[in-house]
Structures are given as C-alpha cells and as structure tokens.
Amino acid sequence: MRAFDYAAPRSLDETFPLLADGRRVRFLAGGTDIIVQLREGRAECDLLVDLKRIPELRRIEIRPDGTLAIGAAVPCAEVYEHPEVRRRWPALVDAASLIGGIQIQSRASLGGNICNASPAADSVPALIVLGARLVLASARGERELPIEGFFRGPGQTVLQPGELLVRIEVPPLPPCSGARFLRFIPRNEMDIAVANAAAFLRLDDDGRIAQARVALGAVAPTPLLVAEAGELLAGQQPNDELFARAGELAAAAARPITDVRGSVLQRRHLARVLTVRALRGALARAQEGS
Amino acid sequence: MTTIERPRYQVIGTRPIRPDGVEKVTGRALYGADVRLPGTIYGRVLRSPHAHARILRIDTSAAERMPGVLAVVTHRDLPAVADGIQNLGETAVNVRELAANLLADDKVLYHGHAVAAVAAVSPHLAEEALGAITVEYEVLPPVLDVREAMREDAPLLDESRRTKNIAGQVVGERPSNIAMHHRFEAGDVEAAFAKASVVIEREFRTKMVHQGYIEPQNATAVWNQDGTVTIWTSTQGAFAVRGQVAELLRLPVSKVRVVPMEIGGGFGGKIPVYLEPLAALLSRKAGGRPVKMTMSRTEVFQATGPTSGTWIRVKAGADAEGRLLAVEAELCYEAGAFPGSSVNAGAMCMLAPYDVENFRIDTYDVVVNKPKTAAYRAPGAPAAAFAMESVVDELCRALKMDPLAFRLKNSSREGTRQVSGVPFPRIGHEECVRAAMESDHYRSPIEGPNRGRGVASGFWFNGGMQSTVLVAVNPDGTVNLIEGNTDIGGTRASLAMQLAEALGIPYEDVKPFVADTDSIGHNDVTGGSRTTFATGLAVYEAAMDIRRQMVARAARILNLPEEDLEYVDGGVQSKSDPSKRIGFKEIARQQARTGGPITGKASLVARGVGPAFSTQIVDVEVDPETGKVTILRYTVVQDAGRAIHPSYVEGQMQGGVAQGIGWALHEEYCYDEQGHLLNANFLDYRIPTALDLPPIETVIVEVPNPAHPFGVRGVGEVSIVPPLAAIANAIYDAIGVRFTDLPISPRRIVEALYGGKEG
Amino acid sequence: MPTVRLPALFRERCGGATAVTVEGSTLGEVLLALDRRCPGIFELLVEGGSIRPELAVAIDGETGSYLLDEPVPPGAEIAILPAIAGG
C-alpha cells in the first residue's frame with residue numbers, strides 16, 4: 001500500500017475545496033471496499049476523504065411527503081434497524097441485511113455499495129425497483145438522477161471529478177404494492193451474489209398488476225432494469241405462468257459473463273429463477289398490504 | 001458407544017477444560033504474529049506474476065539503495081545445497097527442490113513462486129522496495145492439469161526429469177512431467193472381472209484444494225552474533241523446521257533454535273518451511289536485526305502447499321451375492337511444481353475398507369505449474385476414497401444391496417492384507433459400519449422430493465515416529481510435563497490426561513508445556529494423527545519412570561524394602577500391609593531430603609500404530625432450481641481406539657467432516673489459461689461457514705489399539721476421507737445425477753441439470 | 001525363515017514371485033539373501049547403508065524406518081512399500 005493523505009471534513013463546504021487541487025481522490029465511508037482495494041493495490045489515491053464526520057451524510061430522514069432520504073455514509077445496519085424502513089420498505093431491508101456479515105454491515109454504507117459500482121452490488125436492484133433517485137453534489141451544486149442511470153460499467157459511474165454522492169431518495173411505496181429482493185450465493189453467508197434480482201408490484205383494486213418493475217444484478221456490466229418484464233406484467237392477473245414468462249424476459253435481458261463466481265449458463269438461469277421468486281415475494285407483500 | 005468394555009479410568013474419558021483454554025479465549029496466548037523484539041524489521045517476498053517462465057535477469061540494486069531497506073536476498077544468497085535428501089518424519093524432501101521452491105533459481109514454476117525477499121524498517125517500505133526490483137522473464141506456456149501434463153507433447157517443467165519408480169530407477173526414456181510411476185498388484189484381476197456379475201468403471205476429477213488454516217504462515221528470525229539462529233514460528237514441528245533450516249542454510253542443527261508459537265491450524269500444511277529460512281538470511285544480511293515475516297492470505301493460497309488435484313479411474317466388479325471381486329484403478333495426482341504428491345498413500349487407502357484379493361492400481365506423481373503440494377489431513381486418501389466409494393455406491397445400486405450391508409460383507413479385518421501386502425492389525429471398520437447401521441440417523445427414513453442419503457467409509461494409516469517427554473515433580477505435588485509437540489487439536493490436554501491417569505493424580509495437577517528445540521529431545525511433527533498415540537506412549541513410559549522413583553523414595557521414608565512396595569492409586573504402599581502408605585504429594589514434598597528432584601523421561605520410536613476407520617452418513621436436499629445443496633443431517637462414526645478426551649475426539653471428527661463438506665461442495669483452486677490463480681482469498685475460495693454446516697453428530701467407536709496402554713488410535717485425519725463420496729452418493733440419491741467431478745457446486749449442478757457448459 | 005513380499009515392480013527380477021523366503025536374522029541379512037535370489041534388488045532398496053527414504057519396510061506388519069541391523073524374527077513377514085506422510 002502506498003502512502004496517501006487523509007482528510008475528515010466536517011461539512012460539504014469543507015469537502016469541495018479538497019477535491020479541487022488535482023489530487024487523485026477516493027472517498028471513505030465504511031471503508032469495507034476501498035481499504036481492501038488500497039491495501040491490495042487495486043486502487044490508488046493521493047487523498048482519502050473520510051465522509052463519516054459530515055452530519056448530513058449520516059442522517060436517515062423520512063420527509064413529510066413520505067420520501068425516505070438516506071445519507072450516503074449511513075451504515076447498512078442503521079438502515080435495516082430503522083423501524084420505519086423496516087415497516088415501509090422491507091425490500092430495502094432484504095438488501096441492506098445481506099451485504100456482508102454483522103461487522104461489515106455496521107460499517108458499510110449504501111452509498112459506498114452504490115459508488116463501488118460492482119455489477120453484483122446487493123443494494124442496487126432493490127433501489128432500482130423502488131424507484132430510488134441519487135443526489136450528487138459538487139461545488140457547482142446538486143443534481144439528481146434515477147439510480148439505474150448512475151452506472152457506466154464495472155467500477156464506473158457518472159460521477160464527475162469533484163462530485164460525490166450525498167443522498168439516496170426512495171419514494172413512498174404506493175398502497176397495494178410490495179417489493180422483494182433476492183440473491184443467490186453458493187454459501188449461506190459471507191459471499192458475493194452470483195446473480196441477484198428485485199421485483200416491485202403494485203396491484204389495482206381487482207388484484208391485477210397495475211405496475212411492475214424488475215431489476216437484476218451480476219448478470220451484466222451494470223445492474224439492469226428489465227423494462228420489458230415490467231411491460232409484460234402490467235395489466236395482467238398475477239399467476240405462475242405469467243411470472244415464468246417474466247422470468248424468461250429477465251433471462252433474455254441478462255448479458256452475463258463466465259468468471260470465478262459463476263458461468264453464463266448459471267447466471268442466465270439464475271436470472272430467471274430469481275426473477276420468478278422475487279415476483280412471488282413481491283406479490284405476497286403487495287397482497288399483505290392490501 | 002462402547003464396543004468393548006472399558007477399564008475403569010479416573011481421568012481418561014472425562015472432559016476437563018484444556019490447559020491452554022483460558023489463554024486462548026482471553027486472547028493472551030502468543031502466536032507468531034505476537035512476537036515483537038526490539039529493533040525488529042519486516043520482510044516481504046516478491047512473487048512471480050507468471051505460472052511458468054525462465055528468469056533472465058534479477059536486478060535488486062535499486063531496492064537495495066532505498067533508504068530504510070536493510071537487506072535483499074535472491075536464490076544466489078541461499079547456501080549452495082547439493083542434491084541431497086533429508087528425512088522429515090516420513091516425508092522425503094529433496095533439498096535442492098526445497099531450496100528452489102523457497103526462492104526460484106532459473107525458472108519460476110507457478111503464479112506466486114517466490115523470487116526475492118526484502119527486509120526494511122517498515123512493512124510498507126518493504127513492499128515498496130519489492131516494486132523496485134526488476135525481474136526479466138521469458139514467459140513459457142504453463143501446464144495446469146494432471147492429464148495434460150502427462151501428455152508427451154506437454155510443456156516440461158524440468159527438461160532433465162525422467163519418470164522413476166519408487167526405488168529411484170529411471171523407467172522412462174523421454175523427459176516427462178511424470179515424476180514417479182508405481183503399481184500395486186495382486187491376484188488375477190482379469191479372471192476376477194470375468195466372474196463378476198456387475199462391473200462399474202468411472203473416471204473422477206478433483207481440484208487442488210487448500211487446508212484453509214486460519215492463521216497465515218509467519219516467522220521471526222534473528223541471526224545472532226555467535227552464528228546461531230533463533231526462529232519463532234507457527235509450525236506443526238519445531239524439529240522439522242530446525243532440520244529444514246539447517247539443511248538449507250548449511251548449518252549444524254545445534255546452531256538453529258526453533259521456538260514453536262501457538263498455532264492457528266495446520267492440517268499438514270505447516271510442516272514445510274516457506275518464510276523461516278528467508279527471515280534468517282535477511283537477518284544475517286541486515287546485521288542481525290530481527291526480521292519478522294507474515295504471509296497475506298493471498299500468499300498463503302498462491303505459494304504454500306495445498307493438496308493435489310487428481311484424475312482417477314476406477315473399475316470394480318462384484319458377484320451377484322455382493323462380494324467385491326476385483327478392482328483396477330489409475331491414480332494421477334498433481335504434485336505441483338515439484339514431485340512428491342500423496343498418490344501412493346491414496347492408492348494404499350482406497351481399498352483399505354475392503355477385503356479384495358484381486359487388484360491392480362497404477363499411480364502417477366505428476367508435476368504441474370501450480371504450488372508444490374503439501375500434506376493435507378489424511379493426504380492422498382480423500383480423492384481416492386471419493387472415486388472408490390462412489391463406484392461402490394453404484395455397485396450397490398446395481399445389486400440392489402444396502403450400501404452398509406455391502407461394506408459389512410466385504411469389510412477388511414485383522415489379518416486382511418492391505419494393497420501394500422502388509423496385514424492389518426486389530427482394526428475397527430466392521431464395528432464402524434455396524435454402529436452406522438444401528439445409528440438413529442440410518443434407522444430414520446429420508447423423505448421428501450430432492451432429498452437423498454449417502455454413505456461412505458474411509459481409512460487412514462495414522463503415524464508413530466519419534467517422541468520425547470520430560471516430567472518434573474514439583475514440591476507441591478504437581479507435575480510439569482515438558483513435551484515438544486505443538487498443540488493443534490488439544491494434545492496438551494490429551495497428554496496431561498494420560499500422565500494423570502498413569503500417575504493416579506488429578507488432571508489439574510499436570511502442567512503441560514511445549515518446549516523449544518534447545519529444551520527437549522527430538523519430537524517429530526504434530527501430524528499423521530500421531531501425538532496422542534505416540535507422545536502418549538512416551539508420557540506413559542515417563543510416568544512409569546516416575547513411579548519407580550516414587551517407590552524408591554517411599555522406601556526411604558517408610559523405612560521398608562522396595563520389594564515390599566508398590567505404586568497404587570497415586571501413592572506407594574506396602575504389599576504386605578497396605579495401611580503403610582504414603583501419597584504422591586507427600587513423597588513430592590520430601591523429595592529434597594530423599595535424594596533431590598524427581599524427574600522422569602522417555603524417548604521412543606512409537607511402534608504399534610493403530611489404523612483408523614470412519615463410516616459416515618449424510619442426508620442432503622438439492623434445490624433443483626439453483627443447484628444449492630443443503631446438508632440436512634450428518635453422522636460421523638469413527639474408531640478412536642480409546643477416546644482420551646471425548647470432546648476433542650468429537651472435535652476432530654467434526655472438523656474433518658466440515659473440511660470434507662467444503663471440498664465436496666465448494667472448494668477449488670481456479671486458474672485462468674495462463675495459470676493465474678483467480679481465487680486466492682476466502683471470498684472466492686469458499687470454505688464452509690458456520691451457517692453452511694448442520695450439527696455434525698458423532699458416534700465414537702472404541703476398538704482399543706492393543707499396542708497402546710490405554711488403547712489409543714490416532715483420530716485427527718480419517719474423518720476427512722469419507723465426506724466427498726458420501727455427499728456425492730447422497731446427491732445422486734436426491735436427484736439421480738452422478739457427479740464424478742468435484743466440487744459439486746451449484747454451478748456444476750445447474751449446468752448438469754440445464755445442459756451445456758456455456759449458455 | 002523370513003518371507004519378503006515384493007511390490008509388483010520387483011517381481012520380474014524374482015522370476016515373477018510375489019513373495020520370497022530367504023535366510024537372515026537381520027533386515028540387512030535378509031535383503032542380501034534376497035539379492036542372491038533376485039540380483040540387483042539390494043541396491044534398489046538400500047542407498048548409503050539405509051533403506052531409501054522413498055521406501056518403507058514393514059516387519060510383521062510394523063512399518064518403520066529400520067536400520068539394516070534391525071533384528072528379524074524367524075518366520076517374520078517383511079513387506080516393502082512406498083513411504084507415506086501424514087497431515
């Protein structure tokens with residue numbers, strides 16, 4: 001590991017000037033990815049900026065309009081232990097409680113999981129189907145975008161130099177809706193998804209699907225929103241046969257690779273299996289809520 | 001359960017707290033990483049990025065010029081070592097190859113092969129200095145798979161290598177990666193197959209796997225001004241380290257002192273040296289500063305010794321009554337970069353559960369561009385048993401015969417000849433199979449879709465070898481037990497219990513201490529499941545030595561002739577008048593006045609090794625959509641001879657099964673085509689977590705070893721032998737697919753069920 | 001007289017026999033006697049005055065690192081096998 005400078009600003013205003021002098025900057029929240037990468041020489045930086053002392057990045061807040069706003073440096077454990085998050089956004093709890101073990105969850109942040117931009121990031125498919133938006137900030141001000149537009153490739157995002165993720169905003173779940181996130185790992189813990197999937201369903205008064213979203217991870221260079229599955233499902237009566245067809249669309253949308261964690265065949269197959277299972281889970285939650 | 005009635009013991013068979021327990025659970029126990037000497041500097045190793053390359057040039061001058069860098073070594077700094085052989089316990093090691101594995105000479109032979117080492121005032125500086133070393137390589141095509149390496153047109157790791165037999169005779173004309181070929185043969189195999197009503201022939205593959213000990217290799221060395229070397233390290237055998245270091249550095253053993261620290265697992269992998277000689281050489285170059293070296297997990301995977309990947313063909317035939325008539329097999333084991341796999345051990349284990357008169361087993365020890373293999377728990381046996389026990393399962397299905405009934409019918413027993421021609425002493429395979437048949441597990445039905453049950457048996461020789469112990473009686477009546485075996489699996493407790501039993505004193509009054517190589521006579525490694533048996537024999541003899549002295553001292557105190565006295569229940573009493581008695585503590589208290597300190601000792605080569613068998617039952621459920629295998633229930637039956645401390649015996653049984661489950665379902669070294677190891681970390685090299693293992697039920701069978709005063713057999717290794725086949729057999733039972741390649745990972749199951757290799 | 005059981009690779013040297021009974025009261029004497037029946041076998045088994053480290057010898061079922069002066073009981077059975085290591 002090469003020597004680097006470390007800064008721990010107390011506000012965003014203190015942060016932006018640190019990003020302006022041309023040094024290669026990496027951000028530290030939980031550090032569960034970046035510290036390992038620096039130690040193994042997979043990442044290098046001149047300056048490591050610790051974001052944990054910036055209060056607005058450490059807050060979870062539910063706004064009057066029902067939007068959930070999660071500061072980029074909030075650890076996963078604070079997300080899944082939050083009573084309102086548990087009640088209103090269980091799919092987010094599915095995801096946040098699967099990232100690493102207890103020790104990791106007490107450090108690792110959703111923001112870090114997103115910005116690390118692993119195709120297998122467990123928080124992302126759930127946030128995609130929940131319609132989450134990301135708020136990015138720089139000295140020039142803030143901008144926001146839907147999370148599925150944030151990724152450019154493995155480890156690559158739309159973040160500009162001098163810009164950082166400050167907040168994740170999740171809209172309130174409409175009535176009669178539910179979402180579920182699932183992943184497949186070979187073991188039962190301490191593993192990275194071979195594939196993962198999330199589904200969101202909103203039902204109308206007749207129990208038909210009014211709106212659906214399906215997202216996949218670890219089966220393409222970036223997490224995928226499978227729009228065609230949502231289109232297929234919308235307006236239909238939910239049943240196994242329909243879900244199986246949605247699973248086929250998900251498998252067809254997958255563009256997996258073979259690597260040490262899984263093969264093309266296995267990942268495409270899992271995209272289908274997990275989509276069907278996530279849809280069933282989302283349906284159960286939607287029906288529970290209605 | 002108890003197979004044979006046990007004598008009434010006071011200590012043996014109880015479950016006291018281990019002597020090292022408090023230190024370990026409070027974090028006070030000292031491991032190699034805890035060694036902190038004044039003036040310590042830190043060593044790091046430069047490793048090859050290539051699997052196979054010629055080294056054209058190494059330039060260390062820039063690194064040597066860096067401020068804070070105090071020493072750099074390459075193979076040129078290794079004292080020239082002739083092509084000699086040194087005996088490491090029973091492992092024959094070619095010193096030239098040991099040296100070339102330590103620091104590559106003209107070629108690097110695997111990804112991660114050490115090329116140079118640096119010592120600097122900080123670990124980070126040492127690492128930066130590695131980057132300042134220039135190495136020019138001529139990259140060569142690697143050969144990674146045992147069958148590929150055996151082809152005549154395969155890239156050669158060593159152009160001068162010719163295939164030899166076990167007597168060292170060259171048996172092949174051409175250069176070859178096949179270092180050794182051997183054949184075990186008896187009876188008339190062809191005639192026997194002709195009589196068989198069922199013959200099954202299959203090919204099996206297993207991947208290279210690692211022991212996965214939690215504590216990485218480490219060493220701190222000081223080259224003292226008087227020319228002696230002191231080494232603190234994590235090892236299974238301080239004397240084995242002393243011998244290897246002395247050989248590699250051309251020093252007399254008396255100049256090398258090895259202090260064994262506590263050890264965080266070894267499983268056979270901590271017998272060879274990797275860092276110790278480097279730390280010593282760096283210390284010498286750095287003017288005698290202590291040099292501390294610790295491997296990262298990546299280095300452990302890349303450059304220490306895993307066990308072989310294998311290709312095995314087995315053909316077995318049985319008659320209509322279920323008698324095993326003949327077995328033919330070929331075993332090809334990857335030795336890694338240098339010869340010396342455990343292929344012959346595999347061959348000698350695979351048929352051990354059976355009494356079969358006709359067999360022919362060909363073994364091949366093959367070098368490939370992967371790390372040099374080391375011992376791993378029952379080395380060689382699990383892969384061979386995977387193949388044989390899978391074929392036996394198929395024979396049983398074809399014969400519609402209960403697989404345990406088949407094993408009982410064909411079981412080896414006392415007098416059965418092993419494939420080596422050596423007859424078995426009293427063994428307990430039949431008793432294990434019977435206990436498995438009578439277990440609650442086997443009597444309970446397995447029901448439900450995608451669920452299945454498998455069984456398998458396994459064998460391991462166990463070891464004897466050399467041990468020394470010293471026993472000193474303290475004036476307060478407690479006893480110091482000084483021994484030279486690192487405590488990996490509870491041997492302080494098992495040895496202290498044997499001493500307490502033999503002396504008739506409380507377990508708590510025995511204080512075991514693991515000494516360094518300057519403080520006690522030779523001890524072979526804590527390995528081969530030998531310590532509780534072999535060092536236990538030495539403990540027993542030393543106790544008899546103490547008892548004789550106690551009788552002599554009592555004679556003086558009681559003023560009675562020695563002939564009238566006998567040692568009974570922790571004291572000495574008159575044979576003619578047992579009321580004339582003096583206790584152990586009182587004799588101890590008076591020792592200064594009766595002739596001075598009472599000490600006992602024993603040194604021996606342990607004879608009468610009791611071999612071990614295990615029979616195991618596993619129930620699995622397979623998720624046919626994801627390929628995930630859940631172990632529903634697991635029972636391990638094992639003959640322990642006599643369980644000194646049943647909890648630690650059960651721990652060994654469960655530990656071997658846990659490793660076997662990982663090997664069966666998940667663990668494998670993954671390489672790309674250039675020979676880069678892709679999963680050198682615990683994230684992608686998947687050992688089972690606590691959540692992946694069911695409670696592992698244990699059934700201890702006790703068929704005492706007649707050659708040990710308490711009946712002890714080694715218990716450390718055999719439990720890893722049956723799981724690979726037991727699980728494969730259970731998966732077949734669950735989903736009707738016979739897996740002959742390990743690991744049976746979710747990926748392989750999905751690919752088998754849903755077709756094709758790639759989608 | 002002791003009997004030596006031969007691994008397959010030495011049988012050719014001994015006219016195909018799987019076991020040979022020879023005179024001798026020490027391991028060395030037995031192996032020299034064996035060599036008279038199966039010429040050249042002694043130097044295959046013994047290197048520098050000791051059994052080759054790649055090999056092990058079992059005397060009446062007891063496998064060990066024996067010296068050549070190891071006493072061999074009358075009627076003993078001697079087997080020659082590859083050396084093995086434990087973990």
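Nothing here was measured: the structure is a model prediction, and the numbers come from that model.

1. Things to note about the pattern of salt bridges
All names here are of chain B.
Argument step 1. If you walk through the whole model with that rule in mind, you get 79 salt bridges over all chains.
Argument step 2. For Glu-394, the salt bridge identified is with Arg-202, shortest N-O distance 2.8 Å. You can see Glu-394 sitting in helix H11 (residues 381–399) and its partner Arg-202 sitting in strand E12 (residues 198–206), a full 192 residues away along the chain.
Argument step 3. The partly exposed category is assigned to Arg-202, whose relative accessible area is 31%.
Argument step 4. Taking the shortest distance from any N to any O, the salt bridge between Glu-621 and Arg-451 comes out at 2.7 Å. Of this pair, Glu-621 sits in strand E28 (residues 612–622) while Arg-451 sits in strand E20 (residues 451–460); the two residues are 170 residues apart in sequence, bridging distant segments of the chain.
Argument step 5. Of the residues examined, Glu-621 reaches a relative accessible area of 27% and is grouped as partly exposed.
Argument step 6. Among the residues examined, Arg-451 registers a relative accessible area of 35% and is labelled partly exposed.
Argument step 7. Here the residues in one salt-bridge network are Glu-185, Glu-190, Glu-201, Arg-313, Glu-328, Glu-330 and Arg-360, joined through shared partners.

2. Considering the interface of chain C and chain B
Argument step 1. Between chain C and chain B, the contact holds 27 residues from the first and 37 residues from the second.
Argument step 2. By the criterion of area lost to chain B, the three top residues of chain C are C:Pro82, C:Ile84 and C:Gly87, representing 25% of everything that side buries.
Argument step 3. Linking chain C to chain B there are 1 salt bridge.
Argument step 4. Residue C:Glu77 pairs with B:Arg417 through a salt bridge whose shortest N-O separation is 2.4 Å.
Argument step 5. Across the chain C-chain B interface, the total number found is 4 residue pairs in polar contact (both at pLDDT 80 or more).
Argument step 6. Where the side of chain C that touches chain B is concerned, the elements lending two or more residues are helix H1 (8–11), strand E5 (55–59) and strand E7 (77–82) of chain C.
Argument step 7. Looking at the side of chain C that touches chain B, the element that brings in the most residues is E7(C), giving 5 residues.
Argument step 8. Grouping the amino acids of the side of chain C that touches chain B by side-chain chemistry returns 16 nonpolar, 3 polar and 8 charged.

3. Describing the packing of aromatic side chains
Residues and elements named next belong to chain B.
Argument step 1. As enumerated under the stated definition, the model contains 16 aromatic pairs over all chains in all.
Argument step 2. Relative to Trp-663, the ring of Tyr-376 lies with its centre 5.5 Å away and its plane at 10 degrees, an arrangement referred to as stacked. Of the two residues, Tyr-376 is situated in the loop between strand E19 (358–367) and H11 and Trp-663 in helix H18 (residues 646–665); the sequence distance between them amounts to 287 residues. Here the two residues Tyr-376 and Trp-663 agree in accessibility, since each one is buried.
Argument step 3. Three or more aromatic residues joined by ring pairs make a cluster, and in this case those are Phe-301, Tyr-669, Tyr-671, Phe-682 and Tyr-685.

4. Things to note about the nonpolar core
Residue and element names in this part refer to chain B.
Argument step 1. One finds Leu-331, Phe-406 and Ile-731 to be the most contacted residues of the largest nonpolar core, which totals 141 residues.
Argument step 2. Ranked by residues supplied to this core, first place goes to H11 with 12 residues.
Argument step 3. Those residues in contact with Leu-331 that sit more than four places away from it in its chain are Trp-311, Ile-312, Val-343, Gly-346, Ala-347, Met-350, Ile-361, Asp-362, Thr-363, Tyr-364 and Ala-384.
Argument step 4. By size, the runner-up hydrophobic cluster in this structure holds 48 residues, among which are Ile-12, Ile-505, Leu-560 and Tyr-648.

5. Remarks on helix H13 (residues 429–438) of chain B
All names here are of chain B.
Argument step 1. Of all 10 residues in H13, 7 are buried, a share of seventy percent or more.
Argument step 2. Every buried residue of H13 is accounted for by His-429, Glu-430, Glu-431, Cys-432, Val-433, Ala-435 and Ala-436.
Argument step 3. In the core, the buried residues of H13 are packed alongside helix H12 (403–409), helix H14 (440–443), E20, E28, strand E29 (629–639) and strand E30 (696–701).

6. Considering the state of the cysteines
Residue and element names in this part refer to chain C.
Argument step 1. According to the stated counting rule, one finds 1 disulfide over all chains in the structure shown.
Argument step 2. The disulfide that involves Cys-14 links it to Cys-38, with 2.2 Å between the sulfurs. In this structure the cystine formed by Cys-14 and Cys-38 twists about its S-S bond by roughly 125 degrees; its chirality is therefore right-handed. On the criterion of sequence distance, the pair formed by Cys-14 in the loop between H1 and strand E2 (19–21) and Cys-38 in the loop between helix H2 (27–37) and helix H3 (41–45) is long-range, its members being 24 residues apart.

7. A look at unusual backbone geometry
Argument step 1. Omega for the bond connecting B:Leu742 with B:Pro743 falls within 30 degrees of zero, at -5 degrees, which places this linkage in the cis form.
Argument step 2. Along the chain, B:Pro743 turns up in the loop between helix H19 (723–735) and helix H20 (746–754).
Argument step 3. For A:Ala218, which is not glycine, the phi dihedral falls at a positive 70 degrees.
Argument step 4. In this structure, A:Ala218 sits in the loop between strand E13 (209–217) and strand E14 (224–225).
Argument step 5. For B:Asn559, which is not a glycine, the phi torsion comes out positive at approximately 60 degrees.
Argument step 6. Position of B:Asn559 among the secondary structure elements: in the loop between helix H16 (531–558) and strand E24 (565–567).
Argument step 7. Judged by its relative accessible area of 68%, B:Asn559 is exposed.

8. Some words on the environment of B:Arg151
Argument step 1. In this structure, B:Arg151 sits in the loop between helix H5 (146–150) and strand E9 (162–164).
Argument step 2. Separated by 26 residues in the primary sequence, B:Arg151 and B:Asn177 have C-alpha atoms spaced 8.5 Å apart.

9. Points about the domain arrangement of chain B
All names here are of chain B.
Argument step 1. Assigned domains within chain B: domain 1 (21–28 + 464–606), domain 2 (34–142 + 211–303) and domain 3 (380–462 + 610–754).
Argument step 2. Relative to domain 2, the C-alpha centre of domain 1 lies at a distance of 38 Å.
Argument step 3. Taken together, the contact between domain 1 and domain 2 spans 19 residues of the former and 20 residues of the latter.
Argument step 4. When domain 1 packs against domain 2, the two sides together hide about 1500 Å² of surface, and 58% of this comes from carbon and sulfur.
Argument step 5. On the domain 1 side of the contact with domain 2, Thr-486, Thr-517 and Val-525 bury the most area, a combined 36% of that side's loss.
Argument step 6. Between Arg-257 and Asp-516 there is a salt bridge whose closest N-O contact spans 3.0 Å.

10. Focus on the interface of chain B and chain A
Argument step 1. Between chain B and chain A, the contact holds 31 residues from the first and 25 residues from the second.
Argument step 2. If you look at where chain B meets chain A, you find 4 salt bridges.
Argument step 3. On the surface where chain B and chain A come into contact, there are 13 residue pairs in polar contact (both at pLDDT 80 or more).
Argument step 4. For the side of chain B that touches chain A, the secondary-structure elements that each account for two or more residues are helix H4 (123–131) and H20 of chain B.
Argument step 5. Per-element accounting of the side of chain B that touches chain A gives the leading share, 5 residues, to H20(B).
Argument step 6. When the residues that make up the side of chain B that touches chain A are grouped by side-chain class, the tally is 11 nonpolar, 8 polar and 12 charged.

Basis of the calculations
- Residues numbered from 1 in each chain as written.
- Chains lettered and ligands numbered in written order.
- Predicted model: local features only at pLDDT ≥ 70, side-chain atom pairs only at ≥ 80, totals over all residues.
- Heavy atoms only, no water.
- Salt bridge = Lys/Arg side-chain N within 4 Å of Asp/Glu carboxyl O.
- Helix = DSSP H or I, 4+ residues; strand = E, 2+ residues; numbered from the N terminus.
- Buried < 20%, exposed > 50% of the residue type's maximum accessible area, 1.4 Å probe, protein only.
- Contact = heavy atoms within 4.5 Å.
- Buried area = accessible area lost by both parts, 1.4 Å probe.
- Polar contact = N/O pair within 3.5 Å; in protein donor to acceptor, adjacent residues only side chain to side chain.
- Nonpolar A, V, L, I, M, F, W, Y, C, P; charged D, E, K, R; others polar.
- Phe/Tyr/Trp six-rings, centres within 6.5 Å; stacked < 30°, edge-to-face > 60°.
- Core = buried A, V, L, I, M, F, W, Y, C linked by side-chain atoms within 4.5 Å.
- Disulfide = S-S within 2.5 Å.
- Domains from an automatic or database assignment.

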